[in-house]
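# Examining the three-dimensional arrangement
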Amino acid sequence: MELLKKVLSYFCVEFLFRHRSPRRVQKELMLEIYAAVKEGKHLIAHAPTGTGKTDATISAALTYTLDAGKTLLFLSPKISQHEMALNVVAGISKKHSLTVKTVEFVGKQYMCVHPLARRLKGEEFYELCKRMREKELCPYYCNYLEDERSSFWPLFGQSVISHDVVIAKADAIEECPYEVASELLSDADVVIGDYYHLFSPRSGEVFRKKLSKKLSDVVLIVDEAHNLPDRIRRVISYSLSTKALESAAKEAAGLDPEVSALLREASEDLKNVASSMAPGEERAIDRADLISWWPFDFTSFAEELEDLGREYLELSGKGKSALLKVARFLSGWAESEGPFLHYIHFWKDGATVSVARKALDPSVLSEEIFSELHSAVLVSGTLTPGEMYRDLLGLDPSRTVIREYPSPFPRENRLVLIVPSVTTRYSRRRPSEFERIAGELRRIVSAVPGNVAVFFPSYDVLFSVLPFADFAGRPLFVQKPDMKPEEVASILSSFRSNSSVGAVLFAVAGGSLSEGVDYPGSDLLAAVIVGIPLAEMNLETKAIIEYFEEKMGKGWAYGYIYPAVAKAVQAAGRVIRSENDRGVIVLLDERYTWKNYYSALPRDWDPVITEDPVPYIRRFWNQS
Ligand code: SF4
């Protein structure tokens, strides 16, 4: 009640909005964001497609930050999502005749103009860039160092600066675009970047220095925030294989035979341990085990390898070095106390062995960041249950507000069905069950007058159902593992162009055809989610479940069930992408009726549970 009063008290705030006026649900979201940001709280907002969340988040937060002299930081998981944010700020600046200094900041390798370095990727690029900077061999970097201007903003003559504009301008004055963009950060009102600029131990530190702000003066918007926990886990996880150790030994052979011998010994040690394991097996180890197996002190040996790696790069003229990879692994392992799973993996090839550290709890990195920020708004079309994201990321419950907004699209445009007659539970995975699933799919597809996408929990299940699939001559397109992006694009285009005859797509939930792809209008009339896309019950999944069970009694929910339902919801969300889209979502598994799975579905879905979906689907389309 108290909060509602506060929200209502902001009703008269004149928001910096680029359009004529916000829609009802958008206004509601803006009021809640403004209230949270003003009060120094965090907001976790599940805001389905069509809510206009990029406009709402930036408008509400910017209204506050410009007034309070704070910096607005908008982070997304992909560069492609920056354009929308840039357009929103540009639109606001124009409509309200404001100068909102805004810069898009992307990774160095996307901005580099050096003719040699820009052709490289990943580690090779970073190593070459680093070496050229250290030795002042990059003319663009040297020119930047010699540039004495006190501010780079006047160079641009505009206030909203995309990374393309930075590149063009920096190239024209022959300076490093990354350094020029960095110069703009400290004086920017709005910075648009990637998650890893803040949520990464190494890059985060560099970025914060360049930003020159205390986090208590920053309001953060996390776009597509459902990606953040896994992204952080990936950033602080790493592994090392015997292949890398052997490559490092080869590199060291001509430089320091003793070090080379130690690296070979380390590789043999791992193979000896794995000799009692079956190919494909993973086994948990203690962090101390590896330290006791290997014949060197991790910290000092890592320093030695670092020097040797640099020498190797210098002499060989190569772009990357396995010695540096091993060095980074050793120093990371030496410091990896905390909620991590350490394990040894004997690969299926029967020859390679690796050791890995997997992060279980993303909050080890993010909790401190969120506690320092003035406020953070986490927003996504799939952010339920909000409590899970709050706990995984370590947001303080006493300063976190969780909101779930309904879809703004007409309710009658969507039919959600749960069909509990089949399941993909492991105990029931046999040909007869796959045949029954194919039978249900046949009936469902026959009732839909257009394209249907069927999302499976794994390729295993997809290829088990496929032999029984028969859609009366409708074209069937099948996603396969390890498809190249152009092959995926080709499937998508064929599927779309067959909408007049009603094509069927078989794909996996959590894959490139179920997330981040739009199927507007007649491109997709129904999405069927077969089974529940649960994570494989491997060592890592078990460790996450155990960890969160012990930490907060929510191991199965946070480590297994909710992330799987979120994947299913993402895939199902492909159907309705605009106000005029109509579509059917079918959840095909008995477990969707179970309380722990059902409760993780968005509240406004209001599904019908039926063993006979066809009459519902026909009636829905007959009402068109
Ligand atoms: S310093 Fe700048 S221009 Fe030079 S290689 Fe690195 S990123 Fe490229």
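Residues numbered from 1 in each chain as written. Predicted model: local features only at pLDDT ≥ 70, side-chain atom pairs only at ≥ 80, totals over all residues. Heavy atoms only, no water.

### Notes on helix α9 (residues 201-211)
Threshold: Relative accessibility decides the category of a residue: with a 1.4 Å probe and only protein chains considered, values under 20% of the type maximum give buried, values over 50% give exposed, and everything between is partly exposed. Secondary structure elements follow DSSP: runs of H or I no shorter than four residues count as helices, runs of E no shorter than two count as strands, and numbering proceeds from the N terminus. What the arc covers is the set of directions going from the helix axis to the C-beta atoms. We call two residues in contact whenever any of their non-hydrogen atoms come within 4.5 Å of each other.
Of all the residues in α9, the buried ones are G204, F207 and L211. In a view along the axis of α9, the buried residues occupy a sector of 70°, so they form one face of it. Summarising the geometry of α9, the exposed residues directed more than 90 degrees from the buried face are R202, E205 and K209. Close packing links the buried residues of α9 with β2 (71-76), α8 (177-185), β5 (190-194) and β6 (218-222). Following α9 by one or two positions, S212 adopts a phi angle in the positive range, close to 50°.

### Quick notes on the side chain of T423
Applied cut-off: In the analysis that follows, any N or O atom pair within 3.5 Å is treated as a polar contact, provided that within protein one partner can donate a hydrogen and the other can accept it, and provided that, for residues neighboring in sequence, both atoms belong to side chains.
Note that T423 resides in the loop between β13 (414-419) and α18 (431-446). Given the relative accessible area of 1%, T423 is considered buried. Within the local environment of T423, its side chain forms a polar contact with the backbone nitrogen of R425, the two atoms lying 3.1 Å apart. Within the structure, the side chain of T423 is placed 3.0 Å from the side chain of D589, a separation counted as a polar contact. Residue contacts for T423: discarding those within four places in its chain leaves R428, E433, I437, D589, E590 and R591.

### Examining the pattern of salt bridges
Condition: One side-chain nitrogen of Lys or Arg within 4 Å of one carboxyl oxygen of Asp or Glu is enough to make a salt bridge.
Scanning all chains against the criterion turns up 30 salt bridges. We note a salt bridge from R18 to D55, for which the minimum N-O separation is 2.8 Å. One end of the pair, R18, is in the loop between α1 (2-9) and α2 (24-38); the other, D55, is in helix α3 (residues 53-68), with 37 residues separating them in the sequence. Owing to a relative accessible area of 6%, D55 belongs among the buried residues under this scheme. One salt bridge in this structure joins E28 and R24, with 3.6 Å as the shortest N-O distance. A residue pair is termed a helical-turn pair when its members lie 3 or 4 positions apart in one helix, as E28 and R24 do in helix α2 at four residues. Of the residues examined, E28 reaches a relative accessible area of 34% and is grouped as partly exposed.

### Remarks on a negative patch on the surface
What counts, and what does not: What goes into a patch is any residue over 30% in relative accessible area without a salt bridge, connected to like charges within 9 Å or, for nonpolar side chains (Val, Leu, Ile, Met, Phe, Trp, Tyr), within 5 Å. Methods summary: accessible areas were calculated by the Shrake-Rupley approach with a probe of 1.4 Å, and residue burial reflects only the protein chains presented. His is not counted, nor are the chain ends, whereas Lys and Arg count as positive and Asp and Glu as negative. Note on charges: their place is set at NZ of Lys, CZ of Arg, CG of Asp or CD of Glu.
A cluster of like negative charges, contributed by E258, D297, E303, E304, D307 and E311, occupies part of the molecular surface. With four residues, helix α14 (residues 298-316) is the single largest residue contributor to the negative patch. Considering the arrangement of structural elements, one finds D297 in the loop between α13 (287-293) and α14.

### Comments concerning unusual backbone geometry
Here the bond from T384 into P385 is cis, since omega is -10°, no more than 30 degrees from zero. With respect to the helices, strands and loops of the structure, P385 is situated in the loop between β11 (375-380) and α17 (386-393). Despite not being glycine, S97 has its phi angle at roughly 50°, a positive value. Within the secondary structure, S97 sits in the loop between α4 (82-95) and β3 (102-104). A positive phi angle, close to 60°, is found at D482, a residue other than glycine. Inspection of the secondary structure puts D482 in the loop between β15 (476-478) and α20 (485-497). Residue D482 is classed as exposed on the basis of its relative accessible area, which comes to 79%.

### A short note on the site of the ligand
What counts here: The rule for a residue being near a molecule or strand is that one of its heavy atoms must lie within 4 Å of it. Gly is placed with the polar residues, together with every amino acid not listed as nonpolar (Ala, Val, Leu, Ile, Met, Phe, Trp, Tyr, Cys and Pro) or charged (Asp, Glu, Lys and Arg).
The full set of residues close to the ligand is K108, C112, H114, A117, F125, C129, M132, R133, C138, Y140, Y141 and C176. Among the secondary structure elements, those contributing two or more residues to the shell around the ligand are α5 (122-134) and α6 (139-146). Looking at the shell around the ligand, its residues break down into nine nonpolar, one polar and two charged.

### Thoughts on the pairing of strand β17 (residues 526-530)
The criterion, for reference: At least two DSSP bridges between two strands are required for those strands to pair.
Across the five residues that make up β17, a large majority, five, are buried. Of the two faces of β17, the one holding A526, V528 and V530 and the one holding A527 and I529 are both buried throughout. When strand β14 (residues 452-456) meets β17, the two strands line up parallel, connected through four bridges. Counterpart to V454 in the pairing with β17 is V528.

### Focus on the domain arrangement of the chain
Note the cut-off: Residue ranges assigned to each domain were obtained from an automatic or database domain assignment.
Examined at the domain level, the chain breaks down into domain 1 (2-109 + 154-234 + 363-404), domain 2 (238-359) and domain 3 (411-622). Computed over C-alpha atoms only, the centres of domain 1 and domain 2 are separated by 39 Å.

### Focus on the packing of aromatic side chains
Under the convention used in this document: Note on ring pairs: Phe, Tyr and Trp rings are taken, using the six-membered ring of Trp, and paired if centres are within 6.5 Å. Classes follow the plane angle, with under 30 degrees stacked, over 60 edge-to-face and the rest tilted. Geometrically, a charge over a ring is one whose NZ (Lys) or CZ (Arg) sits within 6 Å of the ring centre while staying within 35 degrees of the ring normal.
One pass over the structure, following the stated rule, counts 23 aromatic pairs. Ring centres of F329 and W333 lie 5.3 Å apart, and the angle between their planes is 35°; on these two criteria the pair is classed as tilted. Placement of both F329 and W333 in helix α15 (residues 322-334) is noted, with a separation of four residues, approximately one turn of the helix. A residue is classified by how much of its surface remains accessible, and F329, at 3% relative accessible area, is buried. Residue W333 is classed as buried on the basis of its relative accessible area of 0%. Residue placement shows R149 over the ring face of F152; its charged tip is 5.2 Å from the ring centre.

### Comments concerning the nonpolar core
For the record, the criterion: Here, nonpolar core means buried Ala, Val, Leu, Ile, Met, Phe, Trp, Tyr and Cys residues that are tied together by side-chain atoms lying within 4.5 Å of each other.
Of all hydrophobic cores here, the largest spans 111 residues; its most connected members are V191, F199, L220, F370, L378 and L505. No other element matches the 12 residues that helix α22 (residues 555-572) contributes to this core. Those residues within four positions of F370 in sequence are excluded, and the remaining contacts are H42, F199, L220, L228, A376, L378, L393, L395 and R399. If you look at the next biggest cluster of nonpolar residues, it comprises 39 residues, including L31, A47, A85 and V89.

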